[in-house]
Amino acid sequence: MLNVIVARVAIPTYYQAALTAALRSPARHQAHGHLQSRTARLYHGANGEHHQQLPAGMRVVDLRSDTVTRPTAAMRRAMAEAEVGDDVMGDDPTVQALERKVADMLGFESALYVPSGTMANLISIMCHCTARDSEIIVGDKCHIHLYEQGGCATVAGVHPRVMPNRPDGTIDPDLLRAKVRSEDVHYPVTKLICLENTHNYCGGKVLPLDYLDQVVALAKEVGVPLHMDGARLPNAAAALGVPMSRILRGFASSTLCLSKSLSAPVGSLIVGSAQFIKQARRTRKVLGGGMRQVGVLAAAGLLAVDVMCDRLVDDHQRARRLAEAINSCGKPGASVDLENLHSNILLLDLDPNVMLPDQFCQRMQEAPPEEIQALGEPVAVHMFPMSSSNVRMVLHADVSDADVTKVAQKLVFVIRGLSGSRQTPTGTRLQRGVSVIVE
């Protein structure tokens, strides 16, 4: 288990009580989510379309993303009792406690609480790139490039220089060095290099420490700072067995998302130097990200970083259980690369000539009579088609061991029933390389 180092900061009394209750409860992580997973309710399909109410008694397991996690009962109590103030005026003690704690955990001078990871990345880029001729280097499969609406260009006026991500989420260091712009009147000026850890699109890949050290040395050599999109940084730390501060050693800034694997309802943090965060706070205001009595949300964030980091290895192990179940089927058209399964994100490789990813996702939401008889109960599993040949599943705190057992049984049942004729199925083919993930 990853041991979280608790910062020596003043914590509100109500929060201490909530934390004690959370730590003493053996079912603190899953009781609420597991109850909900067994409840039939309205749900959304892979492409956002609304579906009808599911049959009563159906077990519903949502593997679309770890963003679907709900706050724990302890978080809800802490939110209800949070001590608050006007954060824009610097008066919210719960926000201040969260910012000090996260800054300490990640090894930085200061931190800033913001509404979302997308805003956190945008603010960071704007603070690094203050001149209008600025350029950042990003991977072609990174979240900043694919899923943040091109905010660095449309809002910040910063030019992105896109490098190919390798399958493990890294960018070739030699290519990075070669692509840093020299001083020339014809070119924008390279002001920032951005990495992502864990790497979402590449399947939750964890960037190796020796690679990070190499990039840090390179950045120092060329005089360009490093920013980490650390949306799932706690997962990387859990997988590597090191503190998050070790991963970020040598980085100028990073983000941390509270509303993915850590189960808080809202929020991300930016970390950096005191001067950097001072500018970030000003930039947050112009983007409309200033929030008032936001301690009601920060209270959940405090519990998230204290309690939820320690359980992330459970999600990684459960992802491996599902992967092993898939591979046990021995179907050439459906498999998982176990060697490259690093964290809580699992990519199922599907042969489109056997079944298309969107068709597979639709089938996993259905429960025909013969399947119910085999599994002993109706089970619906929500997941996303990631590309023209991949389906993504994400394990998280609202998925219990019992849920994983049923999902594994369903996956085996469905995959063994796939046609081996290699006929091109009917359905909508996703454009190759285009993802529908929108988190």
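The model shown is predicted, which means the values in this text are computed figures rather than measured ones.

**Side note on the overall build of the chain**
Thinking step 1. On a plain count of helices and strands, the chain comes out with 17 helices and 13 strands.
Thinking step 2. For the chain, buried positions account for 57% of its 439 residues.
Thinking step 3. Accessible surface, the chain: about 17,900 Å² in total, of which carbon and sulfur atoms supply 52%.

**Comments concerning the nonpolar core**
Thinking step 1. Among the nonpolar cores identified, the biggest contains 64 residues, and Leu 106, Tyr 113, Leu 176, Leu 195, Leu 212, Ile 247 and Leu 258 are the most heavily contacted of them.
Thinking step 2. Excluding its chain neighbours within four sequence positions, the residues that come into contact with Leu 258 are Leu 98, Tyr 113, Ser 263, Ala 264, Val 266, Gly 267, Ser 268, Leu 269, Gly 301 and Val 305.
Thinking step 3. Residues Cys 361, Leu 395, Val 407 and Val 414 belong to the second largest nonpolar core, which totals 35 residues.

**A closer look at the sheet that holds strand S10 (residues 345-350)**
Thinking step 1. With antiparallel pairing, the four strands of this open sheet are ordered in space as S9-S10-S13-S12. Two strands close off the open sheet at either side, each with one partner strand: strand S9 (334-335) and strand S12 (384-385).
Thinking step 2. The strands that helix H14 (residues 312-328) touches are S9, S10 and strand S13 (390-394); relative to S10, the one it contacts most, it runs at about 15 degrees.

**Remarks on the packing of helix H15 (residues 357-364) against helix H17 (residues 401-416)**
Thinking step 1. At their nearest, the axes of H15 and H17 sit 11 Å apart, and the two run at 125 degrees to each other. The pairing of H15 with H17 is recorded here as oblique in orientation. For the element pair H15 and H17, the recorded crossing hand is right-handed. Between H15 and H17, the contacting residues are Phe 360, Arg 363 and Met 364 on the first element and Lys 410, Leu 411, Phe 413, Val 414 and Ile 415 on the second.
Thinking step 2. Tallied by class, residues from the contact of H15 with H17 come to six nonpolar, no polar and two charged.

**Let's talk about the side chain of Glu 377**
Thinking step 1. Within the secondary structure, Glu 377 sits in the loop between helix H16 (369-375) and strand S11 (379-382).
Thinking step 2. Judged by relative accessible area, which is 17%, Glu 377 ranks as buried.
Thinking step 3. Engagement of the side chain of Glu 377 in a polar contact is seen with the side chain of Arg 59, the distance being 3.2 Å.
Thinking step 4. The residues contacting Glu 377, other than those within four sequence positions of it, are Arg 59, Ile 372 and Lys 406.

**Observations regarding H15**
Thinking step 1. Turning to H15, its buried residues are Pro 357, Phe 360, Cys 361, Arg 363 and Met 364. Considered in projection along H15, the buried side chains sweep an arc of 160 degrees and stay on one side of the axis.
Thinking step 2. Taken together, the buried residues of H15 touch S10, H16, S11, S12, S13 and H17.

**Notes on the environment of Asp 91**
Thinking step 1. Along the chain, Asp 91 falls in the loop between helix H3 (73-80) and helix H4 (93-106).
Thinking step 2. Relative accessible area serves as the criterion here: at 44%, Asp 91 is assigned to the partly exposed category.
Thinking step 3. The spatial distance from the C-alpha of Asp 91 to the C-alpha of Arg 292 is 9.0 Å, given a sequence separation of 201 residues.
Thinking step 4. Among residues more than four places away in sequence, those in contact with Asp 91 are Gly 85, Asp 86 and Gln 96.

**Some details on unusual backbone geometry**
Thinking step 1. With an omega of -5 degrees, the peptide bond running from Asn 197 to Thr 198 counts as cis.
Thinking step 2. For Thr 198, the position within the fold is in the loop between strand S5 (189-196) and helix H9 (209-222).
Thinking step 3. Positive phi, close to 60 degrees, is recorded for Gln 149, a residue that is not glycine.
Thinking step 4. One can find Gln 149 in the loop between helix H6 (143-146) and helix H7 (151-154).
Thinking step 5. A relative accessible area of 77% places Gln 149 in the exposed class.
Thinking step 6. Backbone geometry places Ser 263, a non-glycine residue, at a positive phi of 75 degrees.
Thinking step 7. For Ser 263, the location among the structural elements is in the loop between strand S7 (253-257) and strand S8 (268-272).
Thinking step 8. Owing to a relative accessible area of 1%, Ser 263 belongs among the buried residues under this scheme.

**What about the sheet that holds strand S4 (residues 159-163)?**
In sheet architecture, strand pairing relies on hydrogen bonds along the backbone and comes in two forms, parallel and antiparallel.
Thinking step 1. Pairing within the open sheet is mixed, and its seven strands lie in the order S2-S8-S7-S6-S5-S3-S4. The open sheet has two edge strands with one neighbour each: strand S2 (110-114) and S4. Between one strand axis and the next, the sheet turns through 25 degrees on average, direction left out of account.
Thinking step 2. The strands touched by helix H12 (residues 274-286) within the sheet are S2, S7 and S8, with S2 carrying the most contacts at an inclination of about 15 degrees.

Rules used in this analysis
All chains use their own residue numbering, which begins from 1 and follows the written sequence. Confidence filtering applies because this is a predicted model: local features only for residues at pLDDT of at least 70, side-chain atom pairs given and counted only at 80 or more, and all residues used for totals across whole chains, interfaces and linings. Note that the side-chain values use all heavy atoms of the structure and ignore hydrogens as well as water. What counts as a helix is a DSSP run of H or I of at least four residues, what counts as a strand is a run of E of at least two, and both are numbered from the N terminus. Per-residue accessibility, obtained with a 1.4 Å probe over protein chains only, is compared with the maximum for each type, and a residue is labelled buried under 20%, exposed over 50%, and partly exposed between these values. Here the open area of atoms and residues is found with the Shrake-Rupley method and a 1.4 Å probe, where only the protein chains shown may cover a residue. Buried residues of nine kinds, namely Ala, Val, Leu, Ile, Met, Phe, Trp, Tyr and Cys, make up a nonpolar core once their side-chain atoms join them within 4.5 Å. Whether two residues touch is decided by their heavy atoms; if any such pair falls within 4.5 Å, the residues are in contact. Pairing between strands requires that DSSP locate at least two bridges from one strand to the other. Think of each axis as a best-fit line through the C-alpha atoms, taken over the contacting stretch in the case of a helix, with angles from 0 to 180 degrees between the N-to-C directions. Oblique is the label for every angle not falling under 35 degrees (roughly parallel), over 145 degrees (roughly antiparallel), or within 65 to 115 degrees (roughly perpendicular). A clockwise turn of the near helix away from the far one marks a right-handed crossing, whereas an anticlockwise turn of less than a right angle marks a left-handed crossing. The residue classification treats Ala, Val, Leu, Ile, Met, Phe, Trp, Tyr, Cys and Pro as nonpolar and Asp, Glu, Lys and Arg as charged. All others, Gly included, are polar. Within 3.5 Å is the distance limit for a polar contact, defined as a pair of N or O atoms, with the added protein rule that one can donate a hydrogen and the other accept it, and that residues adjacent in sequence qualify only through two side-chain atoms. Summarising the geometry, the arc corresponds to the directions from the helix axis toward the C-beta atoms.

What is shown is where atoms sit, not what they do.
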